[in-house]
Amino acid sequence: MRQRFGFSCLLLTVTLLMLQGQAAVIRSSEQQAEIGLYWGPWSAWTNCSRPCGGGVEKRTRTSTCLVDDSSDGEGSLAQKNDVLCPGNSREYRSCNIQPCKDSTDFRELQCSLFNSEVYLGKHLDWLPYTHHDNNNTINPCALNCYPDGEDFYRTLSESVIDGTPCSDNPLNPAVCADGNCLVCRSA
C-alpha cells in the first residue's frame, strides 16, 4: 500500500459537468435504466504527471444518453446531449508518491520557470505565493508567484501541474488535478 502524509491516498474522484451553458437533467439510477442512459467504457489511465513526489493519473468516460424523443409516445429514442447519466465522468488516482531526491518544492520549481522571462522590464526571481485570503478568492491550484523582494504577486498560470499539493494539512492532504483541489480519500 502506498503511503503519503501517513495514510494511503488511493483514488481521487470528481464529477465534472461540461455542457457549454446548457441546463443538465440528472437522472436517478432507476430512470437511467428505464430510458437507456449508460456510461461508455473508461479510457486508459494517463501517464503519471510527476516522476516522484506524488503525481496524478486520470481517466475519463463519456455517457450516451438515449431518451424517448417522440411526441406520439411510440418510444422513438434519440441521443440527448443535455441529459447526464449519474456518476463520475473523470477519476483520478495518486501515483509516484515516493519522495524526490531533489528537495526543491514543486510549486517553487514551477514559479522559477518564469525567471528567464522579462517582467516590468527586468528579470525577476519568482517564488510561490501560497497565502489564502479570508474570502477564498485565491485559487490554490493556480500558479501564484511573487518576485523575490517585491510586495505583489501574479498568477503566472491558471493551473499548476497535476499533483501539486494544495493543502498544508497533513490530516487532510489534497492535490491539484485539472485545476481543481481534490482531497485524497483514505483507504
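Definitions and limits used
- Residues numbered from 1 in each chain as written.
- Predicted model: local features only at pLDDT ≥ 70, side-chain atom pairs only at ≥ 80, totals over all residues.
- Heavy atoms only, no water.
- Pairing = 2+ DSSP bridges.
- Helix = DSSP H or I, 4+ residues; strand = E, 2+ residues; numbered from the N terminus.
- Axes fitted to C-alpha atoms, helices over the stretch in contact; angles between N-to-C directions.
- Disulfide = S-S within 2.5 Å.
- Buried < 20%, exposed > 50% of the residue type's maximum accessible area, 1.4 Å probe, protein only.
- Polar contact = N/O pair within 3.5 Å; in protein donor to acceptor, adjacent residues only side chain to side chain.
- Phe/Tyr/Trp six-rings, centres within 6.5 Å; stacked < 30°, edge-to-face > 60°.
- Lys NZ or Arg CZ within 6 Å of the ring centre and 35° of its normal.

Visitor: Quick one: what's the story with the sheet that holds strand S13 (residues 154–157), residue by residue and with numbers?
Guide: Spatial strand order, S11-S12-S13: 3 strands in an open sheet with antiparallel pairing. Edge positions in the sheet fall to strand S11 (126–128) and S13, since each has one partner strand and no second. Across the sheet, the mean angle separating the axes of adjacent strands is 50° when strand polarity is ignored. With 3 bridges connecting them, strand S12 (residues 143–147) and S13 associate as antiparallel partners. Across the sheet, Asn144 pairs through a bridge with Thr155, a residue of S13.

Visitor: Residue-level account of the state of the cysteines, with values.
Guide: Linking two cysteines covalently through their sulfur atoms gives a disulfide. Evaluated as defined, the whole model comprises 5 disulfides. The side chain of Cys52 participates in a disulfide bridge whose partner is Cys100; the two sulfur atoms lie 2.0 Å from each other. Around the S-S axis, the bridge from Cys52 to Cys100 shows a dihedral of about 105° and counts as right-handed. Taken together, the residues Cys52 in the loop between strand S3 (37–39) and strand S4 (55–60) and Cys100 in the loop between strand S8 (90–95) and helix H2 (106–112) connect sequence positions 48 residues apart. The class for Cys100 is partly exposed, based on a relative accessible area of 27%. Here Cys166 engages in a disulfide with Cys181; their sulfurs sit 2.1 Å apart. The sign of the S-S torsion, about 90°, decides the handedness of the disulfide formed by Cys166 and Cys181: right-handed. In this pair, Cys166 is assigned in the loop between S13 and strand S14 (174–177) and Cys181 in strand S15 (residues 180–183), connecting sequence segments 15 residues apart.

Visitor: Which residues make up the side chain of Glu91, and what values do they have?
Guide: Examined against the element boundaries, Glu91 turns out to sit in strand S8. Engagement of the side chain of Glu91 in a polar contact is seen with the side chain of Arg59, the distance being 2.7 Å.

Visitor: An account of unusual backbone geometry is needed here, citing residue identities and associated values.
Guide: Although it is not a glycine, Leu120 adopts a positive phi angle of roughly 55°. With respect to the helices, strands and loops of the structure, Leu120 is situated in the loop between strand S9 (118–119) and strand S10 (122–123). Residue classification places Leu120 among the exposed residues on the basis of a relative accessible area of 65%. The backbone phi angle of Asp178 is positive, close to 55°, even though this residue is not glycine. In this fold, Asp178 is placed in the loop between S14 and S15. On the accessibility criterion, Asp178 (28% relative accessible area) is partly exposed.

Visitor: Summarise the packing of aromatic side chains; cite the residues concerned and give the values.
Guide: Between two aromatic rings, the relevant description is the distance of the centres plus the angle of the planes. Tallied over the entire structure, the rule returns 3 aromatic pairs. Here the aromatic rings of Tyr129 and Tyr153 are separated by 4.1 Å at their centres, their planes lie at 5°, and the arrangement is stacked. Taken together, the positions of Tyr129 in the loop between S11 and S12 and Tyr153 in the loop between S12 and S13 put the pair 24 residues apart, joining distant regions of the chain. For Tyr129, a relative accessible area of 22% gives the class partly exposed. For Tyr153, a relative accessible area of 28% translates into the label partly exposed. Within the aromatic cluster, the residues linked to one another by ring pairs are Tyr119, Trp126 and Phe152. Positioned above the aromatic ring of Phe106 is the side chain of Arg50, whose terminal nitrogen or guanidinium carbon lies 3.5 Å from the ring centre.

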